Amino acid sequence: MTQINKLKIFNDPIYGFITIPNELVYDLIQHPYFQRLRRISQMGLSYLVYPGANHTRFHHALGCMHLMKKAIDTLRFKDVVISDEEENALLIAILLHDIGHGPFSHAMEKSIVEDVHHEAISLLFMNQLNEEFGGRLSLAIQVFKGEYHRKFMLQLISSQLDMDRMDYLKRDSFYTGVAEGNVNSERLIQMMNVENDVLVIEEKGIYSVEKFLLSRRLMYWQAYLHKTSLVAELILMKVLKRAKELTLKGVKLPCSEPLMYFMQNKITLEDFDAEKLDLFSQLDDFDIISALKAWQRHNDFILSTLSKMIINRDLLKIKLSAEKIPMEESQSLKEEFAEAHQISAVDAGYFIFRGKIKNQAYSKEAEPIRILKKDKTIEDVVEASDQLNLKSLSKLVTKYYICFPKQLI
């Protein structure tokens, strides 16, 4: 029997060549659970705004693993002891950190599964894989859950300056063409160190941190919270909510079996056993897009109209405001729309609704980004920076929106 060479190389448009470090990582990448990420878009419906934003979560996970390897090498160079087992655990934990994302994840979390967040599903997948791989992921899971005694390891995976954010900002900036999001991940990693078991950035890297936080803020307003991406995701949530509502009333909708299962059943985190996890692993973007294509011809006015909006990119109008939008405004629009289409005011709520979005580039409540000064003292980046804009980046900015059909303008 021929031995498969498992130390393969991926060609990445951002970092160049990414090497698979060992056979266990190769086998995890080859697993159907992970291969499914090739069919899940990293930025959901953002391609309706930025046509190049078709990159996948598979792509992102590999990029994160590549950056983690660089971070480990940098820390070892600075005499931070990281064993081979710990290195492997870090690489696996970051590789699998997003494995629990469903198709159009945030829309799914609020409609099809009952408030089950992707982090919780990622952990379920990791536990399942750990069983299949004979316990070889145990340390990675411990690190991922924050239960490992070396605190800085979790910070590399999940913090305000982690490998996840470093990759998605750079990658999403590249594929959308939003140049403001392009962060210097190489420089940031070179400036990393560990002091008293916490991750720190050496003082000379402070400007790179400032640029990173500013890029994050700009990417949120220009890409992730772009009003057209936002309204598309909100419409998708409404479509899935309507589909679930009709299914629970006994209406048979054309869609894939796994999607039908999640629409027919209320699935909470407690319900997620191995069988349901396997069903969830069969869901990807294609299930949702195929369903929308079929539903646009359904005789239910709400389902077909909303599905058409996404398929044909003929979306609702969205208006953003710094002030809260009065309820009367949406109420009068609902009444007008309900009368025009002979539907109830409740059903008109599928087309006219209000809400709010928040953006905070740096949170003072979360664990801080620590700057290691030359005299070995450690300061929060906001205090260490001479830039006034870092104070404003830690302010929570709230914007209010109202969505309504274009013909009501």
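Quick note: structure is the one above.
Here the structure is a predicted model, which means the values were calculated and not measured.

> Any chance you could explain the pairing of strand 3 (residues 192–195) here in plain terms?
For a regular strand, the rule is simple: side chains alternate between the two faces of the sheet. Inspection of the sheet shows strand 3 paired to strand 4 (residues 198–202) by four bridges, in the antiparallel sense. Within strand 4, the residue paired with N193 across the bridge is V200. With antiparallel pairing between neighbouring strands as the criterion, strand 3 and strand 4 make up a hairpin whose turn holds two residues, including N196 at a positive phi of roughly 50 degrees.

> Which parts of the structure should I look at to understand unusual backbone geometry?
Peptide bonds are, in most cases, trans, and in most cases residues other than glycine have a negative phi. Even without glycine at this site, D79 takes up a positive phi of about 70 degrees. Of note, D79 is situated in the loop between helix 3 (57–77) and helix 4 (84–95). For D197, which is not a glycine, the phi torsion comes out positive at approximately 70 degrees. Relative to the helices and strands, D197 resides in the loop between strand 3 and strand 4. By relative accessible area, D197 is classed as partly exposed at 28%.

> Can you walk me through the sheet that holds strand 9 (residues 397–404) in this structure?
The strands making up a sheet are joined through hydrogen bonds of the backbone, oriented either antiparallel or parallel. With antiparallel pairing, the three strands of this open sheet are ordered in space as 5-9-6. Strand pairing shows two members of the sheet lacking a second neighbour, strand 5 (317–321) and strand 6 (353–359), which therefore form its edges. Looking at each pair of strands side by side, their axes are set apart by 30 degrees on average, direction ignored. The pairing of strand 6 with strand 9 spans seven bridges and is classified as antiparallel. Within the sheet, the bridge partner assigned to N359 lies in strand 9 and is V397. Contacting strand 5, strand 6 and strand 9, helix 17 (residues 327–341) runs over the sheet at an angle of about 15 degrees to strand 9.

> How should the layout of surface pockets be read in this particular structure?
By rolling a water-sized probe across the atoms, one finds the places where empty space is left. The calculated volume of the largest pocket comes to roughly 1,500 Å³. Lining the largest pocket we find 49 residues, and of these H101, H106, H118, Y168 and Y220 sit closest to its centre. At the level of secondary structure, the elements contributing two or more residues to the lining of the largest pocket comprise helix 3, helix 5 (105–109), helix 6 (118–132), helix 8 (151–157), helix 9 (163–176), helix 11 (206–224), helix 12 (227–248) and strand 6. Among the residues forming the lining of the largest pocket, the class breakdown is 19 nonpolar, 17 polar and 13 charged.

> I tried to follow empty space enclosed by the protein on my own but got confused; where do I start?
Here the structure, examined in full by the defined rule, presents two cavities of 30 Å³ or more. Lining the largest cavity are Q155, S159, Q160, L161, L199, V200, I201, E367, P368, I369 and R370. Here the element with the most residues in the lining of the largest cavity is strand 4; it accounts for three residues. By residue class, the composition of the lining of the largest cavity is six nonpolar, three polar and two charged. Its volume calculated, the second largest cavity comes out at about 30 Å³. What lines the second largest cavity is G100, G102, S105, M108, E109, V113, V116, H118, I121 and F280. Here the lining of the second largest cavity takes three residues from helix 5, the largest share from any one element. By residue class, the composition of the lining of the second largest cavity is five nonpolar, four polar and one charged.

About the cut-offs
- Residues numbered from 1 in each chain as written.
- Predicted model: local features only at pLDDT ≥ 70, side-chain atom pairs only at ≥ 80, totals over all residues.
- Heavy atoms only, no water.
- Pairing = 2+ DSSP bridges.
- Helix = DSSP H or I, 4+ residues; strand = E, 2+ residues; numbered from the N terminus.
- Buried < 20%, exposed > 50% of the residue type's maximum accessible area, 1.4 Å probe, protein only.
- Axes fitted to C-alpha atoms, helices over the stretch in contact; angles between N-to-C directions.
- Contact = heavy atoms within 4.5 Å.
- 1 Å grid on protein atoms, 1.4 Å probe; cavity = no way out; pocket = protein on both sides within 12 Å on 5 of 7 lines; lining within 4 Å.
- Points joined across faces, edges and corners; volume = space filled by probe spheres on them.
- Nonpolar A, V, L, I, M, F, W, Y, C, P; charged D, E, K, R; others polar.

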